Amino acid sequence: LLSIILLSYWTKASNLHAQQKLNFLASLFASQLAALGLGLLLLLEQQRSLKPSDLASLYLIASILCDAVYMSMPLENARQTSTSHPVFFRCFIHLALLVLESRTKHPAFGTVGKDQSPEELYGVLSRILFMWINPILLRGYKNVLVDKDLPSLSRDIKPEFTINAMLQIWSRRG
Amino acid sequence: LRKASFLVLLISAAVPKALAMASESAYTVNTISATFSATFLLLLPLRLWKLRGSGFRRSVNWQGFTEAVGFPSLFSILFLKLMILGSWNIALNHTVVILDESFKSSCSAEA
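Just so it is clear, the structure is predicted and the values come from calculations on it, not from any experiment. (Residues numbered from 1 in each chain as written. Chains lettered and ligands numbered in written order. Predicted model: local features only at pLDDT ≥ 70, side-chain atom pairs only at ≥ 80, totals over all residues. Heavy atoms only, no water.)

Trainee: Got a sec to walk through the overall build of chain B? Specific residues and values, please.
Mentor: When helices and strands are counted, chain B shows three helices and zero strands. Traced from its N-terminal end to its C-terminal end, chain B shows the element sequence α-α-α. When each of the 111 residues of chain B is scored for burial, the buried share is 22%. Surface summary for chain B: the accessible area is close to 8,000 Å², and the carbon and sulfur share equals 72%. (Helix = DSSP H or I, 4+ residues; strand = E, 2+ residues; numbered from the N terminus. Buried < 20%, exposed > 50% of the residue type's maximum accessible area, 1.4 Å probe, protein only. Areas by Shrake-Rupley, 256 points an atom, 1.4 Å probe, with all protein chains shown as cover.)

Trainee: Please provide a residue-by-residue account of the environment of Pro151(A), values included.
Mentor: Residue and element names in this part refer to chain A. Relative to the assigned elements, Pro 151 resides in the loop between α8 (134-142) and α9 (159-173). Separated by 15 residues in sequence, Pro 151 and Ile 136 place their C-alpha atoms 8.2 Å apart. The contact partners of Pro 151, leaving out residues within four places of it in the chain, are Pro 118 and Ile 136. (Contact = heavy atoms within 4.5 Å.)

Trainee: Please provide a residue-by-residue account of a nonpolar patch on the surface, values included.
Mentor: Residue and element names in this part refer to chain B. Residues Phe 71, Leu 74, Phe 75 and Leu 78 make up a contiguous nonpolar surface patch of roughly 350 Å² in combined accessible area. Residue position: Leu 74 is located in helix α3 (residues 62-110). Using a relative accessible area of 46% as the deciding quantity, one classes Leu 74 as partly exposed. (Patch = residues over 30% accessible without salt bridge, like charges linked within 9 Å, V, L, I, M, F, W, Y side chains within 5 Å. Salt bridge = Lys/Arg side-chain N within 4 Å of Asp/Glu carboxyl O.)

Trainee: Tell me about the pattern of salt bridges, residues and numbers included.
Mentor: Side-chain pairs of opposite charge can arise where the charged atoms are in close proximity. Residue and element names in this part refer to chain A. According to the stated counting rule, one finds three salt bridges over all chains in the structure shown. The salt bridge partner of Asp 54 is Lys 51, with a shortest N-O separation of 3.6 Å. A salt bridge links Asp 54 to Arg 127, with the nearest nitrogen and oxygen atoms 2.7 Å apart. Of this pair, Asp 54 sits in helix α3 (residues 54-72) while Arg 127 sits in helix α7 (residues 124-128), placing them 73 residues apart in sequence. Of the two residues, Asp 54 and Arg 127, neither departs from the other in class, the shared state being buried. In the salt-bridge network here, residues are joined through shared partners; they are Lys 51, Asp 54 and Arg 127.

Trainee: Would you mind going over unusual backbone geometry in detail, with residue names and values included?
Mentor: Residue and element names in this part refer to chain A. The phi dihedral of Phe 130 falls on the positive side, at around 55°, and the residue is not glycine. Position of Phe 130 relative to the elements: it lies in the loop between α7 and α8. Residue classification places Phe 130 among the partly exposed residues on the basis of a relative accessible area of 42%.

Trainee: Could you give me a rundown of the nonpolar core, with the residues and numbers involved?
Mentor: Across soluble globular proteins, nonpolar side chains show a tendency to be buried alongside one another. Counting residues in hydrophobic clusters, the biggest one holds 21 residues, and the most contacted among them are Leu38(A), Leu41(A), Leu97(A), Leu98(A) and Phe40(B). Only α2 (18-48), α3 and α5 (81-102) of chain A together with α2 (25-52) of chain B provide two or more residues apiece to this core. Considering each element in turn, this core owes the most residues, six residues, to α3(A). Setting aside chain neighbours within four positions, we find Leu41(A) in contact with Ser53(A), Leu55(A), Ala56(A), Phe40(B), Leu44(B), Arg47(B), Leu48(B) and Leu51(B). Cys66(A), Tyr70(A), Met73(A) and Val29(B) belong to the second-largest nonpolar core, a separate cluster that totals seven residues. (Core = buried A, V, L, I, M, F, W, Y, C linked by side-chain atoms within 4.5 Å.)

And the structure:
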C-alpha cells in the first residue's frame, strides 16, 4: 500500500516527457496490480501452505532484476532521473519481501510438517541453491549426527513409493 | 521445476541487461517489467485456485505478521529518512548557494 501511494505521488510530481510518462505509467499500473495480487497471494500462502511461494519468489526476483537494470543504466541515455527514486523504493520493498518469503515457515508450524522432507518445505531459491541442507550441515558441525537428526525423505523417493515402482517395472519385464 | 526455475532466473537476468543496451533502453526495461507483472497476474488465479482447495488451514501468526509488516515499514522509513530527506536537504542547500551567489553578483553589479 505504501509502495502504491508513494509511486503514484512520485509519478504525479515528476516531470517526464509524454511518451516516457505513458510508458512508465503503464509499467506502474501493471506493477500496482501485481502488488495487490502479491499481497493476496502472500496472505493465502501464509494461511494455507507449508512452504514459501515459488510464484511470488520468482516474480520478486524478476522484478528486482528489472529494477536493478533500470537503475544501473546511464542517466543521460535513459532520462530516468525523476523515476529512479520510486523504482529504487520498489526494488527495496521487493527485496525485503523476497528475504522474508524465502525464509522457511516450518518452525512456526510446530509439529505440522515434521514428517515432510526439507526439500518439500523450502522455497524455490533454497532448492536451487541447496540452502535447505545448511541446517543439517550446521547440526553435523556442532554434534555427531544420529538417526533422529536426519530429515525425512521426500515422497517420491520413499521406500513405499519406490518399491511399488520397482515391482511394476519388474512385472512388466516378466 | 528446478530446471524451469533456473531457466526463468537466467532469462530474468540476461534478457533485460541485453535489451538495456539498445537505444530505447528505459522503454525496453519498463516493457519487460510490465510483461513480468502481466505474466504473474496471469499465473496468479491458478495458484489462488490451488490454494483455495488446500486442506491445510492456519490462523494468522502475529509474530510473522509483525515481521512481514514491521521490517518493510522500518526499511521504508529508513529509506525515506536517508534518501528522500537527504536529497531534499541537498537540493535546499544547492538553492541557498545559488541564491547567495546571485545576491552577491547583483550587489557587485550595483556597486
